[in-house]
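This is what each chain is made of:
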Amino acid sequence: VQKLAKGFGMQTFAYDPFLSDSKIAEAGSTPVHFVAELFKHQYVSLHVPLTAQTKESINKALLMAMPRGAALINTARAEVIHEDDMLEVLKARPDFCYLCDVAPKKAKE
């Protein structure tokens, strides 16, 4: 994903609690130290496993912090998204785009 983004001239940022800043920088991204820092950007692409810490960790506060016209791309597990919060954000922000490879359980709402 990072290489594709760079091909479009995008800056890339990454958060990984298991990688050092230098490893993230070596891979071509700017390291951030808090998940919330990622949600200040126009596009966020999620690639996280489902764990007790990540389940429903992407919530309304993070999503509403994204800029106007933002897009969240979720290729991680659907369960990392707090689905009720996502529905609220989509209703409140017609400019917000959510892309995922698995339909949310409440997709019909």
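For the structure itself, look to the data block above.
Residues numbered from 1 in each chain as written. Predicted model: local features only at pLDDT ≥ 70, side-chain atom pairs only at ≥ 80, totals over all residues. Heavy atoms only, no water.

1. Side note on the sheet that holds strand E4 (residues 71-74)
As summarised here, the arrangement of the three strands in space is E3-E4-E5, forming an open sheet in which the pairing is parallel. Edge positions in the sheet fall to strand E3 (43-46) and strand E5 (97-100), since each of these pairs with one other strand and no more. The average undirected angle you get between the axes of adjacent strands in this sheet is 10°. By the bridge criterion, four bridges tie E3 to E4 in an arrangement that is parallel. The residue of E4 that forms the bridge with Ser45 is Ile73. (Pairing = 2+ DSSP bridges. Helix = DSSP H or I, 4+ residues; strand = E, 2+ residues; numbered from the N terminus. Axes fitted to C-alpha atoms, helices over the stretch in contact; angles between N-to-C directions.)

2. Some points on the nonpolar core
Counting residues in hydrophobic clusters, the biggest one holds 18 residues, and the most contacted among them are Phe39, Leu46, Ile58, Leu63, Leu72, Ile81 and Phe96. Contributing elements (two or more residues each) for this core: E3, helix H4 (60-64) and helix H5 (83-92). Residues within four places of Phe96 in sequence aside, it is in contact with Leu63, Met66, Ala70, Leu72, Met86, Val89 and Leu90. (Core = buried A, V, L, I, M, F, W, Y, C linked by side-chain atoms within 4.5 Å. Buried < 20%, exposed > 50% of the residue type's maximum accessible area, 1.4 Å probe, protein only. Contact = heavy atoms within 4.5 Å.)

3. A look at the environment of Gly28
Relative to the elements of secondary structure, Gly28 occurs in the loop between helix H2 (21-26) and strand E2 (30-31). Placed 15 residues apart in sequence, Gly28 and Phe13 show a C-alpha to C-alpha distance of 8.7 Å. When near neighbours in sequence (up to four residues on either side) are disregarded, Gly28 contacts Gln2, Lys6 and Thr12.

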